[in-house]
Amino acid sequence: QVQLVESGGGLVQAGGSLRLSCAASGGTFSSYAMGWFRQAPGKEREFVAGINWNGGSTRYADSVKGRFTISRDNAKNTVFLQMNSLKPEDTAKYHCAAGYSRVAVLASRTDFAFWGQGTQVTVSS
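Worth saying up front: this structure is predicted, and the values here are computed from it rather than measured.

## Looking at the state of the cysteines
What makes a disulfide is a covalent bond joining the sulfur atoms belonging to two cysteines. Enumeration according to the criterion identifies one disulfide in this entry. For C22, the disulfide goes to C96, at an S-S distance of 1.9 Å. Measuring handedness by torsion sign, the sulfur bridge of C22 and C96 sits at about 40° and is right-handed. Of this pair, C22 sits in strand β3 (residues 18-25) while C96 is found in strand β9 (residues 92-100), placing the two residues 74 residues apart along the sequence. A relative accessible area of 0% places C22 in the buried class.

## Points about the nonpolar core
Ranked by internal contacts, the top residues of the largest apolar core, which has 38 residues, are L4, M34, W36, L81, M83 and Y94. Every element with two or more residues in this core is listed here: β3, β4 (32-39), β5 (46-51), β7 (68-73), β8 (78-83), β9 and β11 (119-124). With residues near it in sequence (within four places) discarded, L81 still touches L18, R19, L20, W36, V48, A49, F68, T69, I70 and Y94.

Rules of the game
Residues numbered from 1 in each chain as written. Predicted model: local features only at pLDDT ≥ 70, side-chain atom pairs only at ≥ 80, totals over all residues. Heavy atoms only, no water. Disulfide = S-S within 2.5 Å. Helix = DSSP H or I, 4+ residues; strand = E, 2+ residues; numbered from the N terminus. Buried < 20%, exposed > 50% of the residue type's maximum accessible area, 1.4 Å probe, protein only. Core = buried A, V, L, I, M, F, W, Y, C linked by side-chain atoms within 4.5 Å. Contact = heavy atoms within 4.5 Å.

The structure is reproduced here in structure tokens:
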């Protein structure tokens, strides 16, 4: 069982930056591919970014490519999401997720077995 706790959300003006962190405990962190998803009010939870077990492969939603960067530190059991050039449409609750994979980057919600409670990101115009 893996527990995930996100932090780093907040209120930022359009064009600004935030760095989200997700600390994992209770499992072998390097056994898991990690992902970030977001959910705005009234909308489906959507994939934002994913990273494989050793950070060698990443994948991004088209809406965040070139602005967001996912990374991980297996020694610290933490995954990060650096968000630059934020837009009002990035406003959502951001969740990290863990899925068992030692090879692939995961991107589907059903691939992930463990989820954090989320951290709110609000971008003002």
